[in-house]
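In case you want the letters, here they are:
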Amino acid sequence: MRSIVRWLTSALFLMSIAACVPATVTPSPVAFDLSEQEPAAAPAPSAAAPAPEPLRFLFPTPAPEPVSAWRPPLYPVPWALTPYDHFYFTRPTPANEVNWPLADYRYGGVFFRPDLAHTGIDIDAKLGAPVLAAGPGTVVWAGWGFYSGWAENENDPYGIAVAIRHDFGYQGKPLYTMYGHMSQVDVTVGQHVETGDVLGRVGITGHTTGPHLHFEVRLEHNSYFHTRNPELWIAPPQGWGVLAGRLTDAKNETLNGVSVSVTSYETGRIFWVKSYGQGSVNSDEYYNENLVLGDLPAGWYTIAIELDKKTYDTEIKILPGRVAYFTFKEGKGFTSIGLPKVKTDLQIPAP
Ligand SMILES: [Zn+2]
């Protein structure tokens, strides 16, 4: 077994694309709410068990998204053209580095276990690249142990991590961002940071196949169970937009892991995205989505879904700087194009 694990580990290191290796166990519902980090000198909480040995899996080499290494400058944050949007954050890596999610490691993606969806996005940053604060706030975690809540745990799957409680919230709830797998941290708990301040450096600490930044947005509680899709929170490049959708079966249950192709009328370029897998992923309060594809140049696209040996397709226009939305129901096909009706229990702040 050991030699197999060693072989798999080395095979993973040969892969060109780095990504998270999720924890081997799903955390219990009493997982730590890391709103505040214990001071470094404090004894480890007795309830915190050491994280299990990382278990490595072999998975197919993902095809890199054929993209140019250039995107327009981002919209200034906060950016919200509709009352429902909340592009409150800038990107956590500099504009002269890759600052968009790896196509195969989006929020809700499933790589290793069918019930363990990815709770953030992975950005394929170079080792040592600066990690930047996505918005202003106070550092509430800096160092090892973010996942386990045990500050000295060097087996923590997030590795060296930083979390920020932002100066603003959403609908009266606090907002957090977190940055994982870092090689070094340049901030301390309690420190106030501004947007773009350097938090530390990209690394390979924790469960990862290579250098990259794991980035999460968390709403209400700084916990594993309260993440949201960062692509609905980071400002798009200027002139580009975001596609969100909700895919359900005939009983209105969400469809997990369904592949969707999104093809540009103008360029013919095809983007692939999957609906969220099962696990600790959450939908936006307004969109109630289970699929997001960010960084789409504005224009007309064909969305196509192959399900039960049938192909369904429809047209959708991606508008600059905002979210385009669709719903899809198994057996019926695309059931709506356009923003969802406002739910009565949702309090939309005045624009
Ligand atoms: Zn990740």
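Bear in mind the structure is a predicted one, so any value in this text is a computation, not a measurement. (Residues numbered from 1 in each chain as written. Predicted model: local features only at pLDDT ≥ 70, side-chain atom pairs only at ≥ 80, totals over all residues.)

**Structural notes on the overall build of the protein chain**
And step 1. From N to C terminus, the protein chain includes one helix and 17 strands.
And step 2. Here the protein chain holds 351 residues, and 44% of them are scored as buried.
And step 3. If you take every contact in the protein chain between residues at least 6 apart in sequence, the share linking residues at least 24 apart comes to 68%. (Helix = DSSP H or I, 4+ residues; strand = E, 2+ residues; numbered from the N terminus. Buried ≥ 20, exposed ≤ 12 C-beta atoms within 10 Å, placed from the backbone. Contact = placed C-beta atoms within 7 Å.)

**Observations regarding the pairing of strand 16 (residues 323-329)**
And step 1. Of all seven residues that make up strand 16, five are buried, and the element is covered over most of its length.
And step 2. Bridge count between strand 10 (residues 240-248) and strand 16: seven bridges; the pairing is parallel. Across the sheet, residue A244 finds its bridge partner in strand 16, namely Y325.
And step 3. Relative to strand 17 (residues 333-337), strand 16 runs antiparallel, the two sharing four bridges. Residue K329 lies in a different strand from strand 17, and its bridge partner there is G333. (Pairing = 2+ DSSP bridges.)

**Details of the environment of E97**
And step 1. Mapped onto the elements, E97 comes out in the loop between helix 1 (2-14) and strand 1 (121-123).
And step 2. Judged by C-beta crowding, with 17 C-beta atoms within 10 Å, E97 ranks as partly exposed.
And step 3. Sequence separation of E97 and A125 is 28 residues, and the distance between their C-alpha atoms is 6.9 Å.
And step 4. Leaving out residues up to four positions away in the same chain, E97 has contacts with A125, K126 and A129.

**Description of the sheet that holds strand 12 (residues 270-274)**
And step 1. Within the open sheet, the four strands sit side by side as 12-11-14-15. Their pairing is antiparallel. Of all the strands in the sheet, the pair left with one neighbour each is strand 12 and strand 15 (310-318). Across this sheet, the average inter-strand angle for adjacent strands is 25 degrees, counted without regard to direction.
And step 2. Taken together, the five bridges between strand 11 (residues 259-264) and strand 14 (residues 299-307) define a ladder with antiparallel strand orientation. (Axes fitted to C-alpha atoms, helices over the stretch in contact; angles between N-to-C directions.)

**What about the nonpolar core?**
Here is a general trend for soluble globular proteins: nonpolar side chains tend to be buried in one another's company.
And step 1. Grouped together as the largest cluster of nonpolar side chains are 82 residues, with contacts concentrated most on A161, V162, A163, Y179, L199 and A244.
And step 2. Of the residues forming this core, the biggest block, six residues, is contributed by strand 5 (residues 173-185).
And step 3. Among the domains, domain 1 (88-234) and domain 2 (240-337) are the pair contributing at least three residues each to this core.
And step 4. Leave out the neighbours within four places in its chain, and L199 touches V131, L132, A133, V162, Y179, V185, D186, V187 and V193. (Core = buried A, V, L, I, M, F, W, Y, C linked by C-beta atoms within 7 Å. Domains from an automatic or database assignment.)

**With respect to the confidence of the model for the protein chain**
And step 1. Per-residue confidence for the protein chain gives a mean pLDDT of 83; residues scoring 70 or more make up 78%.
And step 2. This stretch, residues 24-32, has a pLDDT under 50; its non-local contacts, to residues over four places away or in other chains, come to twelve contacts. (pLDDT = per-residue confidence, 0-100.)

**Focus on the sheet that holds strand 16**
And step 1. Pairing within the open sheet is mixed, and its four strands lie in the order 13-10-16-17. What marks the edges here is a single partner per strand, and that holds for strand 13 (291-297) and strand 17. Each neighbouring strand pair of the sheet contributes to a mean axis angle of 25 degrees, computed without reference to strand direction.

**What about the environment of H192?**
And step 1. Mapped onto the elements of the fold, H192 is located in strand 6 (residues 192-193).
And step 2. Classification of H192 by C-beta neighbours within 10 Å gives partly exposed; the count is 13.
And step 3. Expressed as a C-alpha distance, the spacing of H192 and V140, which sit 52 residues apart in the sequence, is 9.5 Å.

**Observations concerning the environment of I303**
And step 1. Residue position: I303 is located in strand 14.
And step 2. For I303, a count of 24 C-beta atoms within 10 Å puts it in the buried group.
And step 3. Linking I303 and I316, residues 13 residues apart in sequence, is a C-alpha distance of 7.2 Å.
And step 4. Not counting the four nearest positions on each side in its chain, I303 is found in contact with V260, V262, D313, T314, I316 and F326.

**Digging into unusual backbone geometry**
And step 1. Note the cis peptide between V77 and P78, where omega equals -5 degrees.
And step 2. Structurally, P78 can be placed in the loop between helix 1 and strand 1.
And step 3. Its identity as a non-glycine residue notwithstanding, Q171 has a phi of 55 degrees, on the positive side.
And step 4. Locating Q171 in the fold gives a position in the loop between strand 4 (160-170) and strand 5.
And step 5. Residue Q171 is classed as partly exposed on the basis of its 14 C-beta neighbours within 10 Å.

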